[in-house]
Amino acid sequence: VTPSPTRLPAPYSGRVAPESRAEEEARSSEVYRELTKLMSQRGIQWVMLSYCWGQLDDASGKYDLQEMVLRVFRELIRRRIPVWMDIMGGVSADINEAMSSAVDNAAVVVPVLCEAYEKSRNCKKEISYVDAKEKPIVPIMAQGGGYSPSGAAGLITAGLLWTPIGPGMSDREL
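Okay, so let's go over this structure. Keep in mind that what you see is a predicted model, and the values were worked out from it rather than measured. (Residues numbered from 1 in each chain as written. Predicted model: local features only at pLDDT ≥ 70, side-chain atom pairs only at ≥ 80, totals over all residues. Heavy atoms only, no water.)

### Some details on the overall build of the chain
- Each helix and strand in the chain was counted, giving six helices and seven strands.
- Out of the 174 residues belonging to the chain, those deemed buried represent 36%.
- Long-range pairs, those at least 24 residues apart, make up 69% of the contacts in the chain with a sequence separation of at least 6.
- Per element, the accessible surface of the chain, about 10800 Å² overall, is 54% carbon and sulfur. (Helix = DSSP H or I, 4+ residues; strand = E, 2+ residues; numbered from the N terminus. Buried < 20%, exposed > 50% of the residue type's maximum accessible area, 1.4 Å probe, protein only. Contact = heavy atoms within 4.5 Å. Areas by Shrake-Rupley, 256 points an atom, 1.4 Å probe, with all protein chains shown as cover.)

Have a look at this one:
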């Protein structure tokens, strides 16, 4: 008897092969892309995570700061806080339109500041737009060693209460 291609043999029936990490991330991104559209359509504001991707780790193929911010994203989602992040469905074809829309629909913007953020052309535009829109800002310090932001990011966040984060922190500490 040849098993049906649509049905697994009895010991495996009802089971689904586990997704690869890439498949899971692609599915999650699509789900959050739809969620972002719905929140925007319904006028639901969110926490906007503003950050620079950081340095590419050749071994993993991932960006260091992006991975840390993704952990913050997941923790906010776990706490049922609406949140916007570019790689989780927030960016469409035009990056400038996506970023301005994200700021416009934000209840609060959380810039994850470090030297890479200050050097990024897009991050400079973004933090300046946040300031022009007079959005509340809750800055995160993602770099230690006496780092103090300068330029537009330093000026706009001067005097605000900082939250430090680092790769060694547990998800609950984020």
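Back to the text.
### Structural notes on helix 3 (residues 95-104)
- By the burial criterion, the buried members of helix 3 are Ala98, Met99, Ser100, Ala102 and Val103.
- Each element contacted by the buried residues of helix 3 is listed here: strand 1 (46-51), strand 4 (83-84), strand 5 (106-113) and helix 5 (121-132).
- Capping of helix 3 at its N-terminal end is provided by Asp94; its side-chain oxygen lies 2.9 Å from the backbone amide nitrogen of Asn96. (Polar contact = N/O pair within 3.5 Å; in protein donor to acceptor, adjacent residues only side chain to side chain.)

### Some remarks on helix 5
- Taking 1.5 Å per residue, 12 residues should reach 16 Å; helix 5 reaches 17 Å between its end C-alpha atoms and fits that length.
- For helix 5, the complete set of buried residues consists of Cys123, Glu126, Ile127 and Val130. Each buried residue of helix 5 lies within a common arc of 95 degrees when the element is viewed along its axis, so the set occupies one face. Residues Arg121 and Ala132 are exposed on helix 5 and point more than 90 degrees away from its buried face.
- On the buried face of helix 5, the contacting elements are strand 1, helix 3, strand 5, helix 4 (115-119) and helix 6 (151-157).
- A positive backbone phi angle near 55 degrees is found at Glu134, which sits one or two residues after helix 5. (Expected span 1.5 Å × (residues − 1). Arc of directions from axis to C-beta.)

### Description of the nonpolar core
- By size, the foremost hydrophobic cluster in this structure holds 41 residues, and its most contacted members are Met48, Leu49, Phe73, Met85 and Tyr117.
- Among the elements that make up this core, the one with the highest residue count is helix 2 (residues 64-78) (seven residues).
- Contacts of Tyr117, omitting those with residues within four sequence positions, involve Ser50, Tyr51, Cys52, Pro111, Val112, Cys123, Glu126, Ile127 and Ala153. (Core = buried A, V, L, I, M, F, W, Y, C linked by side-chain atoms within 4.5 Å.)

### With respect to the pairing of strand 5
- Within strand 5, seven of the eight residues are buried, which leaves it mostly tucked inside the rest of the structure.
- Bridge count for strand 1 against strand 5 is six bridges, and the pairing is parallel. Looking across to strand 5, one finds that Val47 is bridged to Val108.
- Judged from the two bridges that link them, strand 5 and strand 6 (residues 140-141) form a sheet pairing that is parallel. Its bridge partner lying in strand 6, Val112 is registered against Ile140. (Pairing = 2+ DSSP bridges.)

### Quick word on unusual backbone geometry
- One non-glycine residue, Arg80, lies in positive phi territory at about 65 degrees.
- In the Ramachandran plot, Glu134 falls in the positive-phi region, its phi being about 55 degrees despite a non-glycine side chain.
- Here Glu134 is to be found in the loop between helix 5 and strand 6.
- Take Glu134: its relative accessible area is 70%, and that puts it in the exposed class.

### Some thoughts on the sheet that holds strand 7 (residues 163-164)
- If you trace the five strands from one edge of the open sheet to the other, you get 4-1-5-6-7, paired in parallel fashion. In this open sheet, the two strands that pair with only one neighbour each are strand 4 and strand 7.
- Where strand 1 meets strand 4, two bridges bridge the pair, whose relative direction is parallel. In the strand pairing of strand 4, Val47 is matched with Val83.
- Lying on the sheet, helix 3 is in contact with strand 1, strand 4 and strand 5; it crosses strand 1 at an angle near 135 degrees. (Axes fitted to C-alpha atoms, helices over the stretch in contact; angles between N-to-C directions.)

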